Every structure is written in C-alpha cells, then in structure tokens.
Amino acid sequence: MAVRATVSRFPMDTDAREGSGLLWGVTVTPFAAANENGQSPAYGSGGDLLPRCENCYAYFNTYCELEQWSWSCSLCGNLNGLSSTAIERYSRPQSCPEMMSSFVDLELPPQEGSPEDAAMQACPVYVAAVDLSSSEEFLELTKSALLAALEALAPGSLFGLATFSHKLGLYDVQGPIPVVKNVFIPSDAEGTLPIELEDVMPLLQFLAPVETCKDRIASALETLRPTTSWERTTAAGQGLDGVLIGGRGFGVAMEALCSYLGSEYGNTFALARIFAFLSGPPDFGAGQLDTRRYGEQYASKGEDADRALLPEQTPFIKIWYLTYDVMTSISLYLEVEELTCVLQAAVAVQAGVCVDIFAVTNEYTDLASLKFLSIESGGSLFLYTSTEDSTLPQDMYRMLSRPYAFGCVLRLRTSTEYKPGNSYGHFFPDPQYENVQHIICCDSYATYAYDFVFENNIGFSRTKSDVPTLQIAFQYSVVVPPQELSNSEGISTNRTKHSLQRRLRIRTLQFGVAQNIHELYDSCDPEVVLSLLVHKVILASLEEGVREGRILLQEWLVILAAQYNDAYKLIQYNNGSSIRSQIDVAFSQCPQLQPLPRLIFALLRSPLLRFHEEGVHPDYRIYLQCLFSVLEPSSLHRAVYPVLTSYATPDKQAYPRHSLSRAALITSGSPIFFLDAFTILIVFYSSTADPTLPFPPPHDCLLRTTINKLKQERCITPKLLFIRGGQDDASIFENFLIEEQDVDGSGLTSVMGFVSFLEDITQKVLEFMK
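Residues numbered from 1 in each chain as written. Predicted model: local features only at pLDDT ≥ 70, side-chain atom pairs only at ≥ 80, totals over all residues. Heavy atoms only, no water.

**Student:** Sorry, what's going on with the pattern of salt bridges here?
**Tutor:** Two side chains bearing opposite charge may form a pair once their charged atoms approach each other closely. Throughout the structure, instances matching the rule amount to 22 salt bridges. Salt-bridge contacts for D356 lead to R273; the nearest nitrogen and oxygen are separated by 3.0 Å. Here D356 is found in strand β15 (residues 353-360), whereas its partner R273 is found in strand β14 (residues 272-278), with 83 residues between them in sequence. As far as burial versus exposure is concerned, D356 and R273 are alike and both buried. Among the ionic pairs, K709 bridges to E713, the shortest N-O distance being 2.6 Å. Pair noted here: K709 and E713 are both in helix α23 (residues 702-713), with a separation of four residues, about one helical turn. On the basis of relative accessible area, K709 is assigned to the exposed category, the value being 53%. (Salt bridge = Lys/Arg side-chain N within 4 Å of Asp/Glu carboxyl O. Helix = DSSP H or I, 4+ residues; strand = E, 2+ residues; numbered from the N terminus. Buried < 20%, exposed > 50% of the residue type's maximum accessible area, 1.4 Å probe, protein only.)

As structure tokens, this is what we get:
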C-alpha cells in the first residue's frame, strides 16, 4: 500500500492551508505490494482479533500507547480496554505483526460453508463477450487477444465465450465440437431477452475449465465470423427518423451476462470478469446510444461541443445509490434507453461482476456513456483506434498476469483535527458510512485520491503531543492458486482447486506539522499535487466543460504564485502599487515548487484539456480521463510531461532529463534522444547523428535495457517507435516538444510558448494581488 501526500508536513490550520495556495491530500495505491519506500507489509493471521477503538473504530497500531490492561487510540486518544486474549497475544510482541510494523497485512478467518461450495466460489471466472457486428480485422485481433488471455489464466480458471450482435450467442466448448446457442435480441428500446440465459444453457455448461478445454476454446474462436450486412439490416430495420441502424445489441447482452453470472443464481462465484470487445457504438435494442450528437451541429446551434460531448447521455447513470445486494428504486421517469444505461452499470455492481471494455474503433462510440459500466465495476476502459498497431493482445496478457484483489472495502480514518473531504477514483461510495468505498476489482496499480479539510478553526496543536495521524484499512479477497503439496507418504500431489482468502491490510502514518509557510512549501510533492489537480479538472470538465477546467487550473497556479511571492516578500510596494519586476512565477527560491508551472502548462496542452476544434476526439478524451484518474503520481507525471533523456551512444547516457523543447535538442548536441510519454516510447536519432551509430539500438545495449525495464513496470503496453531524423516522419516526436507551442493551441508563436505562458501568469498574478 503506497501512500503519498501533497505535503509531508501538514498545514497548521485553515489559515495556513489557504494562505499557502497548495492542495492538501493524499494518493493511495492500496494493493501495491510495497509502500512508497519499497517496504513490504508485515504479514500474519488473526485479522479478526485486532483490537479496535470503541470511539472511532480505528485499529490498534504501533503508534498507540499500550499499557498492561488497556491502550490509547493514536487517532482520537480514547482509552480502550484489552480482552484477555489480546493481553496474552501482546505479551509476545515479536509474534504480532501489528506490534512490529505500522503496515500490516493479516488473514481473516474463512466464511462458513461446505468445502465444495468454497472451492466452486474460489474459481476465477472470465467471460469474453465479442462484438460480431464488426470486421474480419477486428475479430482477428480479438482472437489473438483471447489466445493470449488463455495463456495467462491460471489452471482451475473457468472461461466462457459469448457473442453479441442482433442476437446473443453462448458457446458450449466442453463437448467434442463447439456448439453455440443463440437468443435473438428484441430491436425495440424497451425489449429484454425472451428467455433467461440459464434456461438457454446452464451456467456450468457455459463455463469451461481452461486447463482441459483450452484447445476447444481456441477452436471455438476460429468459428467466429462477422454478421453479414444482410443479417443486420433485416434485424435492425429502420431507426430513428428513417435512418438505418445497425445490429450491435451491447446493452441487452451486458445486462443479461451480468445477471447470468451474478447473485440471481446464488452468488456462485466470488468474482467474475467480463471482457467486452466492442467495434462501434451500441445501436440495437435496449441501451442503444444516439451518436448523432457528435458532428457539426454544435457549430450551427452555438453549443459548446467540449461541454456537450463529455457527459453521459443520461445524467442518472451514476450509481451512488447502489450497495452490493440492493439497488434502490428509481422514482424518476426516464427515457427507456436512459434507464437501460443506468441498469447496465447497476446490474454489474449488484452482481459483483467486473467489466473491462476494449473498444477497437475510430468512429464515435460515446464512451462517455459506456465508461460507467467499467469504472464503477472496478474494470478498465481501453481504446484502440486501429487494428493494425493495436497492443490489445499484450494488454490482455499483462492485465491477467498480475495479481488483483476483489470484493474490496477501502476506509480512511484520521485524527480528530481534520477529516477527508472529497474522494476520487474508480469506486462507489458506501451509501451508509462516510469515507468508505467499495471496489469490485483492484490491481496493484489502481490509485485513489483524497483531499483533506479541517474539522474546526483550531487546527493542529503546536505541541508535539498531538501528531496528525492517518489510518487506511483495506479489506479484500484474493484467489490462492493451486499449489503442489506433499502427502503423508512424501509423494508430491497437485491441488487442482483454488481457495478463497480474505485479508485485511492496514497502514497507519503520522505526519509532521509545518510551523510556517516555508516549511510547508519545502515539504511539497509536486507529483501528488498534479494527481489531485487532474481529478479536480476532470470533474470540472464533466460538469462545466473543458473551458472551465482550463480556467480552474490557471486560476489555481495564479493564486499559488501570488501566495508564494507574498510569503517570500518578493513584491515591493511603492505608494500601494506593486513593482512588477520583482514577481517570481518560476518559484526560483523553492525547488519543490519549481516543477509546477511546467506541469500546469503541459496539462493545458494535453488532449485532456485541449479544445474540440483542435481535433481532440471526445472518445479519446474520455479514455484519457479514465486512464489518468487511476495512475499513481509518478506515472501520471510521465503521461502529462514526458521524460526526455539523451544518449551519446546506445550504451552511454548523456543527460538524464531535458525540457521538452527544440532548443534543448539543439543545445545538448546529443545524437540520440529517448522520450517516455507513458503510453508511447520514442527513440529519436538526430539528423546530425553519426551514421555509424547502430539504428535501431542493439538489443543488448543500455538504452534497450532501460526500455525493457520500463515496459515491464507499466500497467499498459506502451507503443515503441524508432525514428531517424531527416529520413522518417518525425512529427509524432516533435508534437511532444510542447514548450514552444502556444498554450491555447494556435501553433508556434513569435514568443516561445512556455515563456509567454509564464508572462501571462505574471500579469494575472499582478491583477490578482491588486
């Protein structure tokens, strides 16, 4: 569990926080194998025996004062008694993880039930839902991805293959030849399947063991063919206003599959994951989306396309009213297609089903409406604009090869002086308890963010007796794979059944308090500040439009610069008016703040906040929103402001970091540059590079080793490009050299972009301080 704070020394009170201009909060990566310093938790058992505070329900930890019969809570100070079991347990502190470390991971006792039920519940379940209203190229890519997935799945996993178009197909691959049974999807927007999927094919007949049926699943994949245009036309008929619609019944298919795998049939499995492969917008049956809102009509109507295309088509799709087992009734009169969009995400969460969406399309698919199905269920949203250079197979293998937790509950508790304010991330909050979030599926990269507010105007004590304390509890389940055991006769045997394990991970941290604004600035972590800013501008963009998101970002930087200049006494006043030449917007006296102007400038130049008329596709913007909102701070930094490194030769690094400008390339004199933009890696050979330098770099050189290490550490598969300057098209590399681009996207300016941006901020700081 990695936890990083925007400031390692907390502000003294509300006045100090507001006077600094900094954001105050943390990012949490709960399922990370180690903390932010690389230290692993102390593992143990007896998570149910851990004492809890009778007042605030915090868990006992190393910061608590322990006496013979009682202990004092490190968060609220309450004195709690110890049970006889706890007294005996803590008489041997070396055997108790919670006495040895403030970062523990404890096993919880298994739930009651028969061994057969437990073994069945622990089987990992994966279902592929493939769009047949597609092309041959799309299906070939999907087949490759699923074959890669089969190689990554552990023995004992169950796999089901389903298809959707104007009909929903279920494959039985457990017989000698694959058999598919189809159910036609009603074309009307109010339609549901005429028969339950359990009646079409029993669930355990649909889900096949991977280790015995891998070849048969592969054979079934080879039978997949696109539906013909005649089939789709006949099924779809005429759409709205006489426009012919397609045959992609995605909404009905997802709702039916989630119900099929979920609680309706007795919570058979602890977790099921659906991989939805989509080649275009849902345009058939319940849940069909009107993609006509994307086009030139906004110019004629005078509407803001950036504001109109980012929200979902139904504002009611968010499912804050859901719990694991109960969905409250919706007492609103919605259009049928709107209600269906709500139910798709609702059914997935209610059933405990995680949905990953893989959209392979360059047409407008309205991911703004579809994203909730994945992010609310703990899944991921991937967008590939082409089948030719898609990394879908690699992403599938990478995603299924790494560990993940499911059925997670995340809870933050703080000492009494402050509390969590807003929370950000792909979860859904508990409808009953504050600061409790539910996460259906969580991998080791998934990151969440919180900002803090003071409980009152008093703030923290100036004495060292009361220390700001934060405790994060993460309860989760994992599937323990089959292991090789030795029987009583010493003969090794294979345990072929998975087991389900419930665990409790707890991290307790204490922070210092900044005695003045200089200490606060010096303790700033700009990467974490960027994380919270990204979450805030994404929300502002969704609610008010991209333009408002940009304004929010620039205003924040102006206020921070103004407070910094005031704190460092950099502005001199003559007769009440400030002297402009003294204003410092580069934060030259505070190294910790210096990266922030460049990060803000880069974020404004990012497709996340560039305008629609600059050619930013709304689906790509939504994809970036989903990606950026789960990245841990260091990865997000690279995604927003890429790392540019230079090499003298493929085996010798020249400079570890350059600014993103053409001037940096020219003045460095290096022949080779390596750019890491998180989703793409570019090796660029200068046009003046020695022609004897090997191109591309050899596989055994330092540069290649660096590239391979970065690819291994990444949550997605970055594209790797090699470009020779003067011979290849270098525009994709040059587009990342943003510091000479105008912040508003009007291309190169007479004054360098980043320089003119700082001039503009300087002027706005002057106006603000007046």
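**Student:** Got a minute to help me understand the sheet that holds strand β33 (residues 719-724) in this structure?
**Tutor:** Two pairing modes exist for strands in a sheet, parallel and antiparallel, and in both the strands are linked by backbone hydrogen bonds. The strand order across the open sheet formed by five strands is β30-β29-β31-β32-β33, and the pairing between neighbours is mixed. Each edge of the open sheet carries a strand with a single partner, namely β30 (652-658) and β33. Each adjacent strand pair in this sheet contributes to an overall mean axis angle of 20 degrees, direction not counted. Relative to strand β31 (residues 672-676), α23 is tilted by about 5 degrees, and along the sheet it contacts β29 (643-649), β30, β31, β32 (680-685) and β33. (Pairing = 2+ DSSP bridges. Axes fitted to C-alpha atoms, helices over the stretch in contact; angles between N-to-C directions. Contact = heavy atoms within 4.5 Å.)

**Student:** Just checking my understanding: could you explain the packing of helix α17 (residues 526-544) against helix α18 (residues 546-567) for this structure?
**Tutor:** In a pair of packed helices, the angle between the axes and the distance between the axes together describe the arrangement. Interhelical geometry of α17 versus α18 gives an angle of 145 degrees and a closest axis separation of 7 Å. Once α17 is placed against α18, the crossing between them reads as right-handed. The residues of α18 that touch α17, namely those facing V529, L533, K536, V537, A540, S541 and E544, are V546, E548, G549, L552, L553 and W556. Tallied by class, the residues present in the contact of α17 with α18 amount to eight nonpolar, two polar and three charged. (Left-handed = near helix turned anticlockwise from the far one by under 90°. Nonpolar A, V, L, I, M, F, W, Y, C, P; charged D, E, K, R; others polar.)

**Student:** Help me out: how do you make sense of the packing of aromatic side chains in this one?
**Tutor:** Aromatic ring pairs are defined here through the distance separating the ring centres and the angle between the ring planes. Summed over all chains, the structure comprises 35 aromatic pairs. Both rings, one in Y126 and one in F275, keep their centres 6.0 Å apart while their planes meet at 20 degrees; by these two values the pair is stacked. Taken together, the positions of Y126 in strand β9 (residues 125-131) and F275 in strand β14 put the pair 149 residues apart, joining distant regions of the chain. Both residues of the pair, Y126 and F275, count as buried. (Phe/Tyr/Trp six-rings, centres within 6.5 Å; stacked < 30°, edge-to-face > 60°.)

**Student:** Before we go on, may I ask you to explain helix α14 (residues 367-375) in this structure?
**Tutor:** Most of α14 is tucked away: nine of the nine residues are buried. Taken together, the buried positions of α14 are L367, A368, S369, L370, K371, F372, L373, S374 and I375.

**Student:** Whenever I open this one, the sheet that holds strand β4 (residues 42-44) confuses me. Can you help?
**Tutor:** Taken in spatial order, the seven strands of this open sheet run β4-β8-β25-β22-β17-β20-β19, and their pairing is mixed. The sheet terminates laterally at β4 and β19 (428-429), the two strands that pair on one side only.

**Student:** Where do I start with the confidence of the model for the protein in this structure?
**Tutor:** Keep in mind that low pLDDT regions are not for reading the predicted coordinates in detail. On average, residues of the protein score 83 in pLDDT, and 82% of them reach the 70 mark or higher. Mean pLDDT across the secondary structure elements of the protein bottoms out at strand β23 (residues 484-486), with 39, and peaks at strand β3 (residues 25-29), with 97. With pLDDT under 50 throughout, residues 237-245 is counted as low confidence; its partners more than four residues away or in other chains account for 13 contacts. Low pLDDT (under 50) marks residues 484-495, which in the prediction has 16 contacts with non-local residues, meaning those over four places away or in another chain. (pLDDT = per-residue confidence, 0-100.)

**Student:** Can you walk me through the environment of R4 in this structure?
**Tutor:** Checked against the element boundaries, R4 lands in strand β1 (residues 2-5). Between the C-alpha atoms of R4 and G25, which are 21 residues apart in sequence, the distance is 8.6 Å. Residues within four places of R4 in sequence aside, it is in contact with G25, V26, T27, E36, D525, E527, V528, E632, P633 and S634. One polar contact links R4 to D525, side chain to side chain, over a distance of 2.8 Å. (Polar contact = N/O pair within 3.5 Å; in protein donor to acceptor, adjacent residues only side chain to side chain.)

**Student:** Explanation requested: the side chain of N61 in the structure shown.
**Tutor:** Along the polypeptide, N61 turns up in the loop between β4 and β5 (65-66). For N61, a relative accessible area of 4% puts it in the buried group. One polar contact links the side chain of N61 to the main-chain carbonyl oxygen of Y59, over a distance of 3.0 Å. A polar contact is formed between the side chain of N61 and the side chain of S74, at a distance of 3.2 Å.

**Student:** What is the right way to read the nonpolar core from this model?
**Tutor:** When a protein is soluble and globular, its nonpolar side chains tend to lie buried together. If you look at the biggest cluster of nonpolar residues, it comprises 199 residues, and the most contacted ones within it are F159, I274, F277, M396, L470, F628 and F733. Considering every element that reaches this core, the biggest residue donor is α18, with ten residues. In this structure, F159 is in contact with Y126, A128, L146, L150, L153, F206, L207, A208, V210 and I217, ignoring residues within four places of it in sequence. Listed in part, the 20 residues of the second largest apolar core include C53, Y90, V104 and L108. (Core = buried A, V, L, I, M, F, W, Y, C linked by side-chain atoms within 4.5 Å.)

**Student:** Explain the environment of L373 to me, please; I cannot follow it from the model alone.
**Tutor:** Mapping L373 onto the fold places it in helix α14. Its relative accessible area of 4% is what places L373 among the buried residues.

**Student:** I'm lost on the packing of α14 against helix α20 (residues 618-628) in this one. Help?
**Tutor:** Between α14 and α20, the least distance of the axes is 10 Å, while the angle of their chain directions is 25 degrees. In terms of orientation, α14 and α20 fall into the roughly parallel class. Handedness of the crossing formed by α14 with α20: right-handed. Contacts between α14 and α20 involve L367, A368, K371 and I375 from the former and D619, I622, Q625 and C626 from the latter. (Parallel < 35°, antiparallel > 145°, perpendicular 65-115°, else oblique.)

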